[in-house]
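The lines below spell out each chain.
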Amino acid sequence: MDTFGLLLQGFDVALHPMNLFWALVGSVLGTAIGILPGIGPALTIALLLPVTVSVGPVSAFIMFAGVLYGAMYGGSTTSILINTPGEAGSMMTALEGNKMARSGRGAAALATAAVGSFVAGTIATALLTFAAPSIAELAFYFKPADYFALTVLAFTSVAVVMGTSRVRGFISLFIGLALGVIGIDKMTGQPRMTFGASALLDGMELTVVLVSLFAIGEIIYVASRYRHQSDDVLPIKGGVWMTKEEWKRSLMPWLRGTAIGFPMGALPGGGSEIPTMLSYTLEKKLCKKKEEFGTVGAIEGVAGPEAANNAAAAGVLVPLLTLGLPTSATAAILLAAFQNFGLQPGPFLFTSNPELIWGLIASLYIGNVMLLILNLPLVGMWVKLLLIPKPQLYAGILVFAMIGIWGVSGSTFDLACMVVVGLMGYVMRVYDFPIAPILIGLILGPMAENQLRTALAAAQGNPAVLVETPISIVILSISALFLLAPMVLRRLRKAA
Amino acid sequence: MADPEAATPGARPWWLGIAVIILGCVCLYATTTLPATAQYAAIGPGMFVTIAGGGLLVLGILLLLQIARGERFEAQDAENAAGNLPMDKRAFFTALAATIVPALTMETLGLPITAMVSFMLVARAFGSSKIVIDLLTGAILGTVCWFLFSRLGLQLGGFLPLAGF
């Protein structure tokens, strides 16, 4: 069947009343957590994971898709109205958006962010719809060595791109890899790194590590360096809608933002920070009213980065769905969610579970429409969430975190791990270690190991097998480039 | 992880590099307890552990070298937190205590009471002084969550195991 027919089937699944309900729940939750500080999409999905066991994979992923996109919408609202970007991807939005709100054009900024997110989200989802099956097809030709090379690329790019220092990025990654080998070795049945503790035989749950790093680490860190300030929410002024001129000024930035965001999101290590930054710089260069940048706020500086941000979020799904390769913390927890349901994303999922994949993709279109409706007229209601006092908000996050961890397996050992890993999360924040590489190492490490050992075993241990196919040579060369490029650039700059 | 109190950003946090090296050594030590019989052509369950441990060892040494050269560590900015603020030790330990409580009380006292105590402690760490209201809020939140999530199929243990509920 062709892609279009499959997509129609997907809509059939996604439009089922129960699934529509879950899409709505996800969109509402996503918008809320995008607005609230201290809780992001990855943490939310991790906390929801135990609950979804009784729901079934299709509905669960439709809800997660709503959370993923909704967080992007919510993040832009706080960036514009109180100048605190909820997610890394909405940092650029805060620059111009908050200035616009201050000069009485908050409504236009919110509108261009919401419509831009919608336009970018829909175009990017369409690109995902038609690109994913072909990439999945390609992946059928991948040998174990190629898959191993792919994981190496994901590792190096995540460790290099995220954070400020390569050494610290790689330390995070290798801690993740070390945590990933804990438990019974799947190929030989040997217990590894358990030190006689039976609670460790099943390995470290990604949920436990993620919740501890993101929620516990954050709570302790923010408490220790709490900035007492009242968030003064700027009133939404300037009518509910954009003027004709503002529409005209937003259109091209939306499209350019999408064009930058989608491919960058799909690349390992692309994330959402770099594409939004690129889009902002580009719009600043191209804008005819340069004097508005940094003064009263230029609408192009909101429209472009917001579109790039949403397009990147959709782009992240491409390697995840087609190759089973997560490139962000959120993608890592989505991969864990697939594994929870006994599913392995990758080329085979398109043939074995078309209902799930196409239902998920169709629900991305529907979620975008829902979010536009939820966010544009109702933005005043969402902002009320910021009235929750901070002490009680962070206390509530801890309660949900402990339920999330206790609910996974009801083990006191996991709760003890929560303290230790949470403290590690605190130290990582104080000394500026990136967190995402730990999660990528933890979830991708076992896959990398499996492919490496399969490849080597087939070649009687000859490591040359790893660079035998053209695909693996190309991918490993790109990984090396990632590693060496910053060093070479620094040398060149010194020489110049 | 080693004691986070040992250094403040700006100083030379040697212990960070040493902690990473120790983690690496723990991994390498773990490989020595694996039986060699499970190997085939030097590829066994220990190979990847050796890679992870060796990597951490090398990276720990690199980090020590960076620290010796005066690497700067700047605390991350987060929402509601500023990296350049001095560390509030009392708030830190109160929040830390809140996260230790569940491991001690969850099994015997159940979720609602655990949530009540932890909730109050975190709120206190953030400067709330309304102890009774916070305790009440935490207890209500814990109770509502217990009923809600138990109905959704989560195994959250007894409501108040000590009293036999």
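Residues numbered from 1 in each chain as written. Chains lettered and ligands numbered in written order. Predicted model: local features only at pLDDT ≥ 70, side-chain atom pairs only at ≥ 80, totals over all residues.

**Remarks on the overall build of chain B**
Secondary structure summary: chain B contains four helices and zero strands in total. Put simply, chain B runs from its N terminus to its C terminus through helices and strands in the order α-α-α-α. Relative to its full complement of 165 residues, chain B shows a buried share of 42%. For chain B, the proportion of contacts with a sequence separation of at least 24, taken over those separated by at least 6, is 56%. (Helix = DSSP H or I, 4+ residues; strand = E, 2+ residues; numbered from the N terminus. Buried ≥ 20, exposed ≤ 12 C-beta atoms within 10 Å, placed from the backbone. Contact = placed C-beta atoms within 7 Å.)

**Side note on the overall build of chain A**
In terms of regular secondary structure, chain A is built from 20 helices and two strands. Each of the three principal axes of chain A carries a C-alpha extent, and together these read 70 × 60 × 50 Å. Across chain A, every contact between residues at least 6 apart in sequence was considered, and the portion connecting residues at least 24 apart equals 80%.

**Observations concerning the interface of chain B and chain A**
In this complex, chain B contributes 74 residues to the contact, which on the side of chain A involves 68 residues. Counting residues per element, the ones that place at least two in the side of chain B that touches chain A are α1 (14–32), α2 (45–68), α3 (89–125) and α4 (131–151) of chain B. Top element by residues in the side of chain B that touches chain A is α3 of chain B. It accounts for 18 residues. For the side of chain B that touches chain A, the class distribution of residues is 51 nonpolar, 18 polar and five charged. (Nonpolar A, V, L, I, M, F, W, Y, C, P; charged D, E, K, R; others polar.)

**Structural notes on the nonpolar core**
Core analysis: the largest hydrophobic core is formed by 228 residues, its most contacted members being V209, L210, I219, I333, L398 and L439 of chain A together with V122 of chain B. With 19 residues, α3 of chain B is the largest single contributor of residues to this core. Composition of this core by domain shows at least three residues from each of domain 1 (4–68) and domain 2 (89–163) of chain B. Among all residues touching L439 of chain A, those that are not within four sequence positions of it are G176, L206, V209, L210, A329 and A332 of chain A. (Core = buried A, V, L, I, M, F, W, Y, C linked by C-beta atoms within 7 Å. Domains from an automatic or database assignment.)

**Considerations on the domain arrangement of chain B**
On domain assignment, one finds that chain B holds domain 1 (4–68) and domain 2 (89–163). Between the C-alpha centres of domain 1 of chain B and domain 2 of chain B there is a distance of 36 Å.

**Regarding α2 of chain B**
Because an α-helix packs 3.6 residues into every turn, residues spaced three or four apart end up facing the same way. If you check α2 of chain B, its first and last C-alpha atoms are 36 Å apart, about what 24 residues at 1.5 Å a residue would give, namely 34 Å. The complete set of buried residues in α2 of chain B reads P45, G46, F48, V49, A52, G53, G55, L56, L59, G60 and L63 of chain B. Check the buried side of α2 of chain B and you find it contacts α8 (166–180), β2 (191–192) and α19 (436–458) of chain A together with α1 of chain B. Positioned one or two residues after α2 of chain B, G70 of chain B has a phi angle of 90°, which is positive. (Expected span 1.5 Å × (residues − 1).)

**With respect to unusual backbone geometry**
Residue and element names in this part refer to chain A. Phi angles above zero are rare outside glycine, and M193 is one such case at about 55°. Of note, M193 is situated in the loop between β2 and α9 (206–224). Residue M193 is classed as buried on the basis of its C-beta count, with 25 C-beta atoms lying within 10 Å. Of note, D432 is a non-glycine position whose phi angle comes to about 60°, a positive value. By C-beta crowding, D432 is classed as partly exposed, having 17 other C-beta atoms within 10 Å.

**Observations regarding the environment of G157 of chain B**
Take G157 of chain B: it is sitting in the segment after α4. Measuring from C-alpha to C-alpha, the distance between G157 of chain B and T108 of chain B comes to 9.4 Å, with 49 residues separating the pair along the chain. Setting aside residues no more than four positions away along its own chain, G157 of chain B makes contact with G410 of chain A together with M106, E107, G110 and L111 of chain B.

**Quick notes on the confidence of the model for chain B**
Note: predicted coordinates in regions of low pLDDT should not be interpreted at a detailed level. All names here are of chain B. On average, chain B scores 86 in pLDDT, and the residues at 70 or more come to 88%. Counting contacts from residues 1–9, a segment whose pLDDT is below 50, to residues more than four positions away or on other chains yields 20 contacts. Scoring the predicted complex yields pTM 0.89 and, for the interface, ipTM 0.90. (pLDDT = per-residue confidence, 0-100.)

**Details of α9 of chain A**
Residues and elements named next belong to chain A. Taking 1.5 Å per residue, 19 residues should reach 27 Å; α9 reaches 26 Å between its end C-alpha atoms and fits that length. Remark: the principal bend of α9, roughly 30°, maps to S212. Across the 19 residues of α9, 19 count as buried, placing the element largely inside the fold. (Bend = angle between axes of the 7 residues up to and from the residue.)

**What about the environment of A337 of chain A?**
Residue and element names in this part refer to chain A. Inspection of the secondary structure assignment puts A337 in helix α13 (residues 329–340). A count of 22 C-beta atoms within 10 Å places A337 in the buried class. With 276 residues separating them in the primary sequence, A337 and F61 have C-alpha atoms 8.4 Å apart.

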